[in-house]
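Listed below, chain by chain, are the residues.
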Amino acid sequence: ASAAEHGGQPAPERVLFPPTFSVSEIKNKQRRHFMFLRWKQQQRKEKLAAKKQRRKEREALGDKAPPKAIPKTIENQRVYDETTVDPNDEEVAFDEATDEFAPYFNRQTVPKILITTSDRPRGRTVRFCEQLSTVIPNSHVYYRRGLALKRIIPQCIARDFTDLIVINEDRKIPNGLVLSHLPEGPTAHFRMSSVRLRKEIKRKGKEPTEHVPEVILNNFTTRLGHSIGRMFASLFPHDPQFIGRQVATFHNQRDYIFFRFHRYIFKSEKKVGIQELGPRFTLKLRSLQKGTFDSKFGEYEWIHKRREMDTSRRKFHL
């Protein structure tokens, strides 16, 4: 291009790398880093130019434009699991009608939750349990002081608690969650990470109210995931109070369960505003055990074995 085409200024230098160019062949470290940045910049420019060209072509074709290509992700390339739940399967419907959570879904029982901690918890774990109790209605917090978990379970059953949540910690940081459905189980053990209390969340809303929240369960598609989803659902009363505009979300993505608690408001027919109330955390299922908590003699339905199960990045269990 001539200088006139650029407003009288000399044309900018355009870097053209040979097809067989390799940054690793450059011996000088500073020069190698500089050329790598130039190469990445050229790649971004070419990608942006191709995107603009495709957009112009689609606008020119109008309704005759071909459909947009679906990008490849790990989720849409997921390996098919033979235990994927079919909503119309009679066997699945029979299992749901006779499992341990059937009295809750039939509205015969009202959830009553006990939230406890590992022995002698520290401040961060205590605050997390207190905030979790404001999310789950009809929940009570008990701080353990040398009392074994096997002795707590019979006391919970005697006091008509339907679920027991145990928050474990390591080096003053919550790192595990045990969820046991009473009185007959099952018991799930999760690894907990990315815990954020309310004061650590940016642009958070006001304190949650006492209204019963709505519950959203996403992507629990297999039989194992279906069981875990029913466990989470049974923690909340079956009749949400929509006037509170609060929603608790358990979102499963690549076998990581992300928990978020929001308040929403309808600004118009098409726009909805949301505010995160907190707390937030991420769970990873480690095991599912039949019956109540028994680490020595319990019968396990499922255990996560990393070397045997994590052979493919596209294989998920929930």
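Residues numbered from 1 in each chain as written. Predicted model: local features only at pLDDT ≥ 70, side-chain atom pairs only at ≥ 80, totals over all residues. Heavy atoms only, no water.

Novice: Hey, could you run me through the side chain of histidine 262 in this one?
Specialist: Turning to its location among the elements, histidine 262 is positioned in strand E8 (residues 256-266). Taking relative accessible area as the criterion, histidine 262 reaches 17% and is therefore assigned buried. Once residues lying within four places of it in the same chain are set aside, the contact partners of histidine 262 are Arg245, Gln246, Val247, Ile274, Gln275, Glu276 and Leu277. (Helix = DSSP H or I, 4+ residues; strand = E, 2+ residues; numbered from the N terminus. Buried < 20%, exposed > 50% of the residue type's maximum accessible area, 1.4 Å probe, protein only. Contact = heavy atoms within 4.5 Å.)

Novice: So what exactly am I meant to see when it comes to the environment of glutamate 100 here?
Specialist: Among the secondary structure elements, glutamate 100 is positioned in the loop between helix H2 (90-98) and helix H3 (102-105). For glutamate 100, a relative accessible area of 34% gives the class partly exposed. When residues no more than four places from it in sequence are discounted, the contact partners of glutamate 100 are His181, Gly185 and Pro186.

Novice: Sorry, what's going on with the packing of H2 against helix H6 (residues 223-233) here?
Specialist: Any two packed helices are characterised by the angle at which their axes cross and by the distance between the axes. The contact between H2 and H6 brings their axes to 13 Å, and the two run at 30°. Between H2 and H6, the angle is such that the two are roughly parallel. Every pair of crossing elements has a handedness; the one defined by H2 and H6 is right-handed. Residues Glu91, Val92, Asp95 and Glu96 of H2 form the contact with H6, whose participating residues are Arg223, His226 and Arg230. The class makeup of the residues in the contact of H2 with H6 is one nonpolar, one polar and five charged. (Axes fitted to C-alpha atoms, helices over the stretch in contact; angles between N-to-C directions. Parallel < 35°, antiparallel > 145°, perpendicular 65-115°, else oblique. Left-handed = near helix turned anticlockwise from the far one by under 90°. Nonpolar A, V, L, I, M, F, W, Y, C, P; charged D, E, K, R; others polar.)

Novice: Please explain the domain arrangement of the protein chain as it appears in this structure.
Specialist: A common measure of how large an interface is: the accessible area buried when the components associate. For the protein chain, the domain assignment lists domain 1 (23-61) and domain 2 (83-310). Taking only C-alpha atoms into account, the centre of domain 1 sits 46 Å from that of domain 2. (Domains from an automatic or database assignment.)

Novice: Looking at this model, I keep getting lost on the side chain of threonine 162. Mind explaining?
Specialist: Its place among the elements puts threonine 162 in the loop between helix H5 (149-158) and strand E3 (163-170). According to the relative accessible area criterion, threonine 162 is buried, its value standing at 13%. Not counting residues within four places of it along the chain, the set of residues in contact with threonine 162 comprises Val110, Pro111, Lys112, Ile113, Ser180, His181 and Leu182.

Novice: Is there a simple way to explain the pairing of strand E9 (residues 272-276) in this structure?
Specialist: Successive side chains on a regular strand alternate, one facing one side of the sheet and the next facing the other. Alignment of E8 against E9, held across five bridges, turns out to be antiparallel. In the strand pairing of E9, histidine 262 is matched with glutamate 276. Hairpin remark: E8 followed by E9, antiparallel, with five residues in the connecting loop. (Pairing = 2+ DSSP bridges.)

Novice: So what exactly am I meant to see when it comes to the layout of surface pockets here?
Specialist: Unfilled space is identified by rolling a water-sized probe across the atoms. By volume, the largest pocket amounts to about 400 Å³. As for the largest pocket, its lining consists of 15 residues, of which Arg254, Tyr256, Lys284, His304 and Asp310 are closest to the centre. Looking at the lining of the largest pocket, its residues break down into three nonpolar, three polar and nine charged. (1 Å grid on protein atoms, 1.4 Å probe; cavity = no way out; pocket = protein on both sides within 12 Å on 5 of 7 lines; lining within 4 Å. Points joined across faces, edges and corners; volume = space filled by probe spheres on them.)

Novice: Looking at this structure, how should I read empty space enclosed by the protein?
Specialist: For the coordinates displayed, the defined rule picks out two cavities of 30 Å³ or more. One number sums up the size of the largest cavity: a volume of about 90 Å³. Within the residue set of the lining of the largest cavity, elements represented by two or more residues are strand E4 (173-181) and strand E10 (280-289). Its residues assigned to classes, the lining of the largest cavity comprises twelve nonpolar, no polar and no charged. Computed from the structure, the second largest cavity encloses a volume of approximately 50 Å³. For the second largest cavity, the full set of lining residues is Asp255, Lys284, Leu285, Trp302, His304, His317 and Leu318. Classifying every residue of the lining of the second largest cavity gives three nonpolar, two polar and two charged.

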